[in-house]
2 protein chains.
Amino acid sequence: MSYQLAIHGGAGTILRSQMNADIEKKYHTALKLALEKGKQCLKSGGSALLAVELAVSVMEDSPLFNAGKGSVFSAAGTHEMEASIMCGKSLSAGAVAEVSGVKNPVQLAAKVLSNSEFVYMVGRGAEQFAKEKGLVFENAEYFATDFRKLQLKEAQEEGRVQLDHSKSKERKFGTVGAVALDLSGNLAAATSTGGLTNKQYGRLGDSSMIGVGNYANNTTCAISCTGYGEYFIRAVVAHDVSAMMEYGGKSLDEACRIVVQEKLRTMGGEGGVIAIDSVGNICLEFNSEGMYRGFVNENELKTLIYK
Amino acid sequence: MSYQLAIHGGAGTILRSQMNADIEKKYHTALKLALEKGKQCLKSGGSALLAVELAVSVMEDSPLFNAGKGSVFSAAGTHEMEASIMCGKSLSAGAVAEVSGVKNPVQLAAKVLSNSEFVYMVGRGAEQFAKEKGLVFENAEYFATDFRKLQLKEAQEEGRVQLDHSKSKERKFGTVGAVALDLSGNLAAATSTGGLTNKQYGRLGDSSMIGVGNYANNTTCAISCTGYGEYFIRAVVAHDVSAMMEYGGKSLDEACRIVVQEKLRTMGGEGGVIAIDSVGNICLEFNSEGMYRGFVNENELKTLIYK
């Protein structure tokens, strides 16, 4: 048995025309850093659960991705983040949503998994739990980046609640995620996001929903999603991939393809998934122009952006 | 094609020794009222989506059930309610959580389904949406009942966060829900709860999670859950029943039995589900001592409490 790790940094319309060699290099470097952090853990016999937490934490710490530092702004000018994590061996899980100030939401989700009788916590209550457990908090300035401020300003001027819907502009579904298989044959998945620019009404997406944006089960696969959250919720994407394998006898590739390229497309849902099955197959499937992504194992480390 | 409606008012250890003919009659009467309200809608050609909203609203208005009026108290002495609704034809859905003051959370969930580009809203943001859409609000006294105050007092004295875990006392997982098949052949499901007595940390259960505590899909079934939420989340119960039918070729009865009596039992998850499939079969399955439940169709109206 060998280890495997795959990550994503969000999917969407990533236009080559709006990128340049310098920006692309930054993304590749950040993705590589996350993969190496996770690999270090897995190679030395660390658990898949810890590896996905570590890899997602690296992406949360990077201002390039919409999670942790660099999260988008809500309509109120705040950062309302969500994250989840699941262990494929025990089916234990932790999830948080609408949390502000927590440096690494995925670490809070991991703390909910390991140190709470609950699975899902939101808002000020979740922050209270974070404080009691000694998680690191940062002030609003830490999370803020000029690019996200500009996105909020543009969205508010245009009265948009969602990220850009016009074809002319970059449209990205900013989420980060990781899935891993460890040397003991256990699977795990973690997902984290800052949500949608200019979002209102305490909107939650799929990223903190176990079975929807994140799922792991040693029987089938570990999976993390990124995309238009509302469609992913209605399609219960992560569990659907797993169930298609468990009950329908589909391979990981077939299940991911059917869900992302057929079911989601039919509904109008844009985005993608990363997944690893119990024997180490990896699938990075998306129906958008691009998806920041990568994978690493004993033999290979690869990072990609476009199709 | 005929119509069908099934409802539940929570599952758990409902001890005959702590009931009497008078209390039992009250529950049967309340369940019957909800069934008749839903039946009126379905019989006259109304949609399954409206029927489940109406039936759940009746139970929310009754102080007997842990939803709407009569919701349990959180540790902060507040009512933090959650609800969800899904249409099996369009797969559109609406869900709210951590809302206070909204008289009928299921009606707010229905408004999210029909009047929002979002699916899931929580906390003050969800309440803001409710205000803008003109939903009825009530003050704290409306929701409060002496029985729930006593439950909070007892729970706090014993340092319990969950509802009673000791075998000596009544242990109920208070949730209400409805599933329906209308004359057009469409399915829908709705679920609502006040959560857990003395809950902290902004804990969410499964009731507001699409695919977990509530799901509807014309391809398979409509389903509403009640039970120990954390286990239902980790088992992605509602979608698992649907997937077992869709990909595994199981009947509604088989799928519900496997999930409730085998999978949940193995994990230690207590509770039950109510479900209707696309041809009108009904299943009311639970692994606890009792479940307040009932169903109605052209020929029959029945309400039940114990096994």
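Keep in mind that what you see is a predicted model, and the values were worked out from it rather than measured.

Student: Give me the lowdown on the interface of chain B and chain A, citing residues and values where you can.
Tutor: On the side of chain A, 44 residues touch chain B, which itself brings 44 residues to the contact. In total, about 3600 Å² of surface goes out of reach between chain B and chain A, with carbon and sulfur atoms giving 66% of it. The tally of links from chain B across to chain A stands at 2 salt bridges. Close ionic contact of Lys263 of chain A with Glu246 of chain B constitutes a salt bridge, the shortest N to O distance being 3.7 Å. Taken together, the links from chain B to chain A amount to 17 residue pairs in polar contact (both at pLDDT 80 or more). Listing elements by their share of the side of chain B that touches chain A, those giving two or more residues are strand 3 (93-99), strand 4 (120-122), helix 4 (123-132), strand 8 (203-204), helix 7 (229-234), helix 8 (237-246) and helix 9 (252-267) of chain B.

Student: A description of the sheet that holds strand 11 (residues 271-277) of chain A should follow, citing residues and the corresponding values.
Tutor: All names here are of chain A. With antiparallel pairing, the 4 strands of this open sheet are ordered in space as 9-10-11-12. Strand pairing shows two members of the sheet lacking a second neighbour, strand 9 (214-216) and strand 12 (282-286), which therefore form its edges. Direction aside, neighbouring strands of the sheet carry axes that sit 10° apart on average. Taken together, the 3 bridges between strand 9 and strand 10 (residues 221-227) define a ladder with antiparallel strand orientation. Residue Asn214 lies in a different strand from strand 10, and its bridge partner there is Ser224. Helix-sheet contacts for helix 9 (residues 252-267) involve strand 10, strand 11 and strand 12, and the interaxial angle to strand 12 is about 15°.

Student: So what about the packing of aromatic side chains? Which residues, and what values?
Tutor: Summed over the entire model, instances satisfying the criterion amount to 12 aromatic pairs over all chains. Ring centres of Tyr201 of chain A and Phe129 of chain B lie 5.2 Å apart, and the angle between their planes is 75°; on these two criteria the pair is classed as edge-to-face. One end of the pair, Tyr201 of chain A, is in the loop between strand 7 (187-193) and strand 8 (203-204); the other, Phe129 of chain B, is in helix 4, on a second chain. Ring centres 6.3 Å apart and planes at 75° place the aromatic pair Phe65 of chain B and Tyr292 of chain B in the edge-to-face group. Pair noted here: Phe65 of chain B is in the loop between helix 2 (48-61) and strand 2 (81-87) and Tyr292 of chain B is in strand 13 (residues 290-297), with a separation of 227 residues, a long-range link. A network of ring pairs unites the aromatic residues Tyr27, Phe65 and Tyr292 of chain A as a single cluster. The aromatic ring of Tyr142 of chain A is capped on one face by Lys69 of chain A, whose charged end is 4.5 Å from the ring centroid.

Student: Run through empty space enclosed by the protein, naming residues and quoting values.
Tutor: If a probe as big as a water molecule is rolled over the atoms, it shows which places are left empty. All names here are of chain A. Inspection of the entire model under this criterion finds 4 cavities of 30 Å³ or more. Lining the largest cavity we find 15 residues, and of these Gly174, Thr175, Thr193, Arg203 and Gly227 sit closest to its centre. Classifying every residue of the lining of the largest cavity gives 3 nonpolar, 9 polar and 3 charged.

Student: Account for the confidence of the model for chain A, with residues named and values stated.
Tutor: All names here are of chain A. When pLDDT is averaged across chain A, the result is 93; 96% of the residues are at 70 or more. Across residues 162-168, where pLDDT falls below 50, the model places 17 contacts with residues more than four positions away in sequence or in other chains. Reported confidence for the predicted complex is 0.95 by ipTM and 0.95 by pTM.

Student: An account of the relation of the copies chain B and chain A is needed here, citing residue identities and associated values.
Tutor: Least-squares fitting of chain B to chain A yields an RMSD of 0.0 Å, with the superposition described by an axial translation of 0.0 Å and a rotation of 180°. Look at the turn and shift together and you get a two-fold axis relating the two.

Student: An account of the pairing of strand 13 of chain B is needed here, citing residue identities and associated values.
Tutor: All names here are of chain B. Counting buried positions along strand 13 gives 8 out of 8 residues, so the element sits mostly inside the fold. Because side chains alternate across strand 13, one face comprises the buried residues Gly290, Tyr292, Gly294 and Val296, and the other comprises Met291, Arg293, Phe295 and Asn297, equally buried. Examined bridge by bridge, strand 1 (residues 4-13) and strand 13 share 7 bridges and lie antiparallel to one another. Note on strand 13: the bridge partner recorded for Gln4 is Asn297. Pairing of strand 13 with strand 14 (residues 301-306) involves 5 bridges; the strand directions are antiparallel. Among the inter-strand pairings, Gly294 is bridged to a residue of strand 14, identified as Thr303.

Student: Run through the sheet that holds strand 12 (residues 282-286) of chain B, naming residues and quoting values.
Tutor: Whenever strands of a sheet pair, they do so through backbone hydrogen bonds, lying parallel or antiparallel. Residues and elements named next belong to chain B. Spatially, the 4 strands line up as an open sheet ordered 9-10-11-12, and their pairing is antiparallel. Edge positions in the open sheet fall to strand 9 (214-216) and strand 12, since each of these has one partner strand only. Direction aside, the axes of adjacent strands within the sheet are offset by 10° on average. Running over the sheet, helix 8 touches strand 9, strand 10 (221-227) and strand 11 (271-277) and is turned about 145° from strand 10. Against the sheet, helix 9 makes contact with strand 10, strand 11 and strand 12, and its axis sits at roughly 15° relative to strand 12, the strand it touches most.

Rules used in this analysis
- Residues numbered from 1 in each chain as written.
- Chains lettered and ligands numbered in written order.
- Predicted model: local features only at pLDDT ≥ 70, side-chain atom pairs only at ≥ 80, totals over all residues.
- Heavy atoms only, no water.
- Contact = heavy atoms within 4.5 Å.
- Buried area = accessible area lost by both parts, 1.4 Å probe.
- Salt bridge = Lys/Arg side-chain N within 4 Å of Asp/Glu carboxyl O.
- Polar contact = N/O pair within 3.5 Å; in protein donor to acceptor, adjacent residues only side chain to side chain.
- Helix = DSSP H or I, 4+ residues; strand = E, 2+ residues; numbered from the N terminus.
- Pairing = 2+ DSSP bridges.
- Axes fitted to C-alpha atoms, helices over the stretch in contact; angles between N-to-C directions.
- Phe/Tyr/Trp six-rings, centres within 6.5 Å; stacked < 30°, edge-to-face > 60°.
- Lys NZ or Arg CZ within 6 Å of the ring centre and 35° of its normal.
- 1 Å grid on protein atoms, 1.4 Å probe; cavity = no way out; pocket = protein on both sides within 12 Å on 5 of 7 lines; lining within 4 Å.
- Points joined across faces, edges and corners; volume = space filled by probe spheres on them.
- Nonpolar A, V, L, I, M, F, W, Y, C, P; charged D, E, K, R; others polar.
- pLDDT = per-residue confidence, 0-100.
- Least-squares fit on C-alpha atoms with pLDDT ≥ 70 in both.
- Buried < 20%, exposed > 50% of the residue type's maximum accessible area, 1.4 Å probe, protein only.

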